[in-house]
Each structure stands twice: as C-alpha cells, then as structure tokens.
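# Observations on the three-dimensional arrangement
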Amino acid sequence: QVTVPPDAPLETLQQVMTDTGWGQVPVVENGEIIGIVTRTDLLKILAPKQAASGQMNLADKLEASLPPARLALLQIVAEAAQRQQAALYVVGGFVRDLLLERPSLDYDLVVEGDAIALGRALVQQYGGRTTTHRRFGTAKWQIGSIRSKLAEQLSPIGGPPLDESNFPETLDLVSARREFYTHPTALPTVERGSIKLDLHRRDFTINTLAMRLDGHYYGDLHDHWGGLADLQAGLVRVLHSLSFVDDPTRILRAVRFEQRFGYQIEPRTLELLENALSLLDRVSGDRIRHELNHMLQESAWEAMFARMSDLGVFEAIHPALPWDQAAKERMRTGLNARIPPLWAGRPAHQLEHPVQPAAVYLSWLIVLDAGEAVSAANRLRLPGWMSDQIQSAIAIRSMQDEIARMSPSQVVAKFDSQPTLSLVVCDALSNDPNFKQQVKAYFERWQSIQPGTSGYDLRARDIPPGPHYKRVLDALRAAWLDGKISTTEEETALLEDLLDELPADE
C-alpha cells in the first residue's frame, strides 16, 4: 500500500503516481487517512496560467480559412446541436493550426451531450447515414452519397453555388468524455464528461484548445489547460506526469510536434519522456509504425528521426534500428524512389504493393544482416511482403560486386526471382556503375528475351512433360541472352543438340 504524509514534497507525489500508475494517492497523518491527492490536484499546481475561456474569438479566422462548403457544414451541425441544447466544439490540432495561421481542412467535433443523437438528427434532416460506437459515444456521419444534395440545400440564395467536392466523405462527432487507464498501454475505460475533462485526456497542452460553435458562443476560444500560453512560448508539454505512462506512443508524437513547429519539449516533459522510454516495449509494432509513417510524411522527418535517436527512442523500440548520416541519406533516397515505366511491366512480377513507404523501410534496414532485419521488421509489424522484400534487398546488396561481373543469363537467373522494388532500391542506393548497368539492362532488355520454342513445341515432339522442359527452355534462353545464338535456325540446331543429350528415361 502506498501513502504519503501531508508534508510530502510535490516531487514525491509525482514520483509515486508515476511509479504506481495510480491517479489517486491517500494522504496519511498519524496513521489515519486524512485525504486524497489526485493527478488533477497536481495539474492545477503545475499547469501554466491559462487564458480565460471566451476572451478570444476566432470566428473571423475560421471563416477566412475554410471553403464555403466546409463552413456551411459546420454551421448546420452547430444549429442541430443548439436545438438539442448541446454545446459543440471544434478541438485540438485544427484550433492549434488556426492560431498558428496554418489552417487545415480537417476538424474534430466534440459535443457536450449525445453525439450519436446529434448524428441521427442530422441524418433525419439532411440524409446520409451514421455508424456509431456506443462505448465511446461516437458517430460518423456518412455524407459522400448526399454531397450534391447538401450543396443544393446549403447554397446561399442568390449567391454562388457551393462546390460539392469540398464536402468531406464523412464527419466524425464525438461525445465529450473522460478516460481512465488501468495499466500502461491499456485501452481506456470511458465515462461521459465535460469538454474540460475531454480535453484533459489529450496528449499535449497545445492540442487542448477548443473553439465553440453553437449559438452566440460561436468562435469563442476555450483554453482550460494552458495551451495558448505554451503555443505562444513554443513548448510541447504533457498535461500530467502519467501521460507517457498512459500512452507511450506520445513519446514519438512529442518529438513530431517539437520538430514540426520548431518548438522545445518542456524540461519536465522531457524528463518524464526519458523515464518512460522503457515502456515502448509494451507498445504494439502497428502503433509505432503508424507514428513513424506520420513522421515520414512531414517535411521535417529527418530532424524528427535525429531527435529520436538522440533521446534513445530507436534503441528502446529495437536496438538494431540504425540512425546516422548514412541512414538519413539512404532513407532520403528511398523516399524519392520511383519505378521507371519500363521497369514496372515485369511479366511475372507486377508491382502488387505501393512503392512508398515500403522503399523507405527497405532503404533504412538494408544495412542490417538478415536476422537483425527480420527481427526489426517483426518488431515494427511490417507486412510479410515488405519483410520479404527487405531480405531480398539485403541479399542483392551483399552480391553487388559479383552481380556486376555476371553474364546476362546469370543476371536474369538471379533477378527473375527478386521483387521489383528490391531491385529498384538496390539500384538507387548503389554507387557501382557496373551493377547499375546490369540492373538497367535486365529491366529494359534482358527480362523480355525468350526463346521461340515453348513447352507446347516440346510436347508436339512427343517428349513427356517433366523438369527437363525447364532445363531445355532455360538453356535456349541463356544462349539468346549471352549471344551464343541469334537466329531461329541457330535456336533449332541448339534445341536438337539439347534433346539428343536428354537421358533416355526423359
């Protein structure tokens, strides 16, 4: 049982909550419990001064940033919420980016009330359909099929018609809620709550800003947790000392926001982040890869990866994950990798998967040995096809010198079984002109060379099918590739020689 005395310093309370995972700690004096300290109590002491809700109005910024169709959609949702006497807010990154004058078209809507009922009311009035999740109190309004109808209904009388393409396919509505985590990385236990409690469950203060949309509160900024002050100071700050314990993927997001905006992770937040690194081993590879993919879509991804390396994040995820100048240059090459049109039409190996981000992971892990690469790929839960391509790329790269000296038929025999993307990445990363010439020749000439003789021709000669078919046809193809034959007559003569050499039982 863990308790604290009434004169316990703040640092002790924080450490107790971090070590135990508890959000409430009993306070004991003379052997008797005299009270409870919660993480919210600590937050009230630690949180920076916040702007009073409603003292700033962002209506003008909102209307200047959104296309008319998106703005009209927000307005009808706000009107429906007002009829239900529910407060409606746009929250999080949209408000943050609006204040930073980096407006986005994607917004998250939170209802202080019943989001599912609101979604159904919108369907009843405007059409479409909703999909709901009762546990979390969420509704997704599917409006893709009614966009033209909405454009007609919402276009201003006498004004220009709304562009239906500016309506999203779906609109998410979320009931304000509070969450509890029973242990690190667990799914949260959910209860209905206020907008203030809903914002408290978010990752960083700069993502806790909300703008109200209903009635005469339209455009009012709500800042319950000091987000505006941290936004102005350029700080990434968690809301409470157990934030990284509750969800260790916030470690990666802290780095992403810090480097995206050129901010700094606030000192206490940085200390909490470093203390929570060991918890990353409890996070699924899917969630980690999802965060890495987000980073790779950012212009500052190199700075993000460098920062994670400096903080020991990669080592905590998997000790074999490399990061240095060479890794940066390889991944940059992978991000820019493209399949030339002439290389994409392989008869037996059409591209079945997207080039990005697969080329990036191939470029990143290609320097590992096969065992390390498989282990790292498994940790990141890369798809099986991607793991196979990484292993293929490693094998090809290790043979570059040998491949550069191979005959055309040997190159074809080696490359025909390799995935297209593995060959493309190896070519892009290679500095050996002879190897690169072999890859180019394979894709643009050699792979398409086939003998005129086929299995049907062998069958027509009353030769029973068997493995000797492949040996004969491969020998004919190799002769064409290596220039040993160049006419149909020469192929026919070679075929007769090859058939004469077949054992009698074949």
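Bear in mind that the values here come from a model prediction, so they are computed numbers and not experimental data.

## Considering the overall build of the chain
- Helix and strand counts for the chain come out as 26 helices and 13 strands.
- Looking at the chain residue by residue over its 506 residues, the buried ones come to 50%.
- Within the structure as shown, the chain displays about 24200 Å² of accessible surface, and the carbon and sulfur contribution to it stands at 48%.

## Section: the pairing of strand E6 (residues 138-142)
- As defined by bridge partners, strand E5 (residues 129-133) adjoins E6 across 5 bridges and the pair is classed as antiparallel. Residue pairing in the sheet places Arg129 in a bridge with Gln142 of E6.
- What sits between E5 and E6 in their antiparallel hairpin is a turn of 4 residues, with Gly137 showing a positive phi close to 65°.
- Pairing geometry for E6 and strand E7 (residues 170-175), over 5 bridges, is antiparallel. When the sheet's bridge partners are listed, Lys140 is paired in E7 with Asp172.

## Considering helix H6 (residues 115-126)
- Between its terminal C-alpha atoms H6 stretches 16 Å, which fits the 16 Å expected from 12 residues at 1.5 Å a residue.
- Among the residues of H6, those classed as buried are Ala115, Ile116, Leu118, Gly119, Leu122 and Tyr126. Down the axis of H6, the smallest arc covering the buried residues is 160°, so these residues share one side.
- The opening residue of H6 is Asp114, an N-cap whose side-chain oxygen sits 3.0 Å from the backbone nitrogen of Ile116.
- Gly127 occupies a position one or two residues after H6 and carries a positive phi of about 100°.

## Some points on the nonpolar core
- In terms of nonpolar packing, the biggest core is built from 127 residues, with Val77, Leu109, Trp141, Leu292, Phe305 and Trp364 touching the most fellow members.
- Counting residues per element, this core draws most heavily on helix H4 (residues 68-83), which supplies 10 residues.

## Thoughts on the packing of aromatic side chains
- All told, the structure shown has 15 aromatic pairs when counted by the stated rule.
- Arranged with centres 6.4 Å apart and planes meeting at 50°, the rings of Tyr126 and Trp141 form a pair that is tilted. Placement of the pair is Tyr126 in helix H6 and Trp141 in strand E6, with a sequence separation of 15 residues.
- Where Trp301 meets Trp323, the ring centres are 6.2 Å apart and the plane angle is 75°; that geometry is what we call edge-to-face. Highlighted residues: Trp301 in helix H14 (residues 301-311) and Trp323 in the loop between helix H15 (313-317) and helix H16 (325-335), separated in sequence by 22 residues.
- Exposure remark for Trp301: the relative accessible area of 6% places this residue in the buried category.

## Re the environment of Leu365
- Tracing the backbone shows Leu365 in helix H17 (residues 358-365).
- Sequence spacing of Leu365 and Ala377 is 12 residues, and the spatial spacing of their C-alpha atoms is 8.5 Å.
- The contacts of Leu365, once residues within four sequence positions are left out, are Leu321, Pro322, Ala373, Ala376, Leu382, Ile390 and Ile394.

## Thoughts on the side chain of Gln418
- Along the chain, Gln418 turns up in the loop between helix H21 (408-415) and helix H22 (420-429).
- A polar side-chain atom of Gln418 sits 2.4 Å from a polar atom in the side chain of Ser392.

## Some details on the environment of Phe167
- Checked against the element boundaries, Phe167 lands in the loop between helix H7 (147-154) and E7.
- Taking the C-alpha atoms as reference points, Phe167 and Ala72, 95 residues apart in sequence, are found 9.4 Å from one another.
- Residues contacting Phe167, with those up to four places away along its chain left out, are Ala69, Arg70, Leu73, Arg147, Leu150, Ala151, Leu154 and Leu162.

## As for the packing of helix H25 (residues 467-481) against helix H26 (residues 488-500)
- The interhelical angle for the contact between H25 and H26, taken along N-to-C directions, is 140°, at an axis separation of 10 Å. The way H25 lies across H26 gives a crossing that is right-handed. In contact with Val472, Ala475, Leu476, Ala479 and Trp480 of H25, H26 contributes Thr488, Glu491, Leu494, Leu495 and Leu498.
- Residues belonging to the contact of H25 with H26 are distributed by class as follows: 8 nonpolar, 1 polar and 1 charged.

## Brief notes about the pattern of salt bridges
- Under the definition given, this model contains 26 salt bridges.
- One salt bridge in this structure joins Glu266 and Arg237, with 3.6 Å as the shortest N-O distance. Separated by 29 residues along the polypeptide, Glu266 in the loop between strand E13 (264-265) and helix H12 (267-275) and Arg237 in the loop between strand E12 (235-236) and helix H10 (243-246) bring together distant segments of the chain.
- In this structure, Asp286 engages Arg381 in a salt bridge whose closest nitrogen and oxygen atoms are separated by 3.8 Å. Here Asp286, found in helix H13 (residues 285-296), pairs with Arg381, found in the loop between helix H18 (370-379) and helix H19 (384-398); they are 95 residues apart in sequence, far enough to count as distant.
- We classify Arg381 as partly exposed; its relative accessible area is 48%.

## Re the sheet that holds E7
- With mixed pairing, 7 strands are arranged side by side in an open sheet as E5-E6-E7-E4-E3-E10-E11. The strands lining the two open edges of the sheet, one partner per strand, are E5 and strand E11 (221-222).

Here is what the cut-offs are and how they apply
- Residues numbered from 1 in each chain as written.
- Predicted model: local features only at pLDDT ≥ 70, side-chain atom pairs only at ≥ 80, totals over all residues.
- Heavy atoms only, no water.
- Helix = DSSP H or I, 4+ residues; strand = E, 2+ residues; numbered from the N terminus.
- Buried < 20%, exposed > 50% of the residue type's maximum accessible area, 1.4 Å probe, protein only.
- Areas by Shrake-Rupley, 256 points an atom, 1.4 Å probe, with all protein chains shown as cover.
- Pairing = 2+ DSSP bridges.
- Expected span 1.5 Å × (residues − 1).
- Arc of directions from axis to C-beta.
- Polar contact = N/O pair within 3.5 Å; in protein donor to acceptor, adjacent residues only side chain to side chain.
- Core = buried A, V, L, I, M, F, W, Y, C linked by side-chain atoms within 4.5 Å.
- Phe/Tyr/Trp six-rings, centres within 6.5 Å; stacked < 30°, edge-to-face > 60°.
- Contact = heavy atoms within 4.5 Å.
- Axes fitted to C-alpha atoms, helices over the stretch in contact; angles between N-to-C directions.
- Left-handed = near helix turned anticlockwise from the far one by under 90°.
- Nonpolar A, V, L, I, M, F, W, Y, C, P; charged D, E, K, R; others polar.
- Salt bridge = Lys/Arg side-chain N within 4 Å of Asp/Glu carboxyl O.

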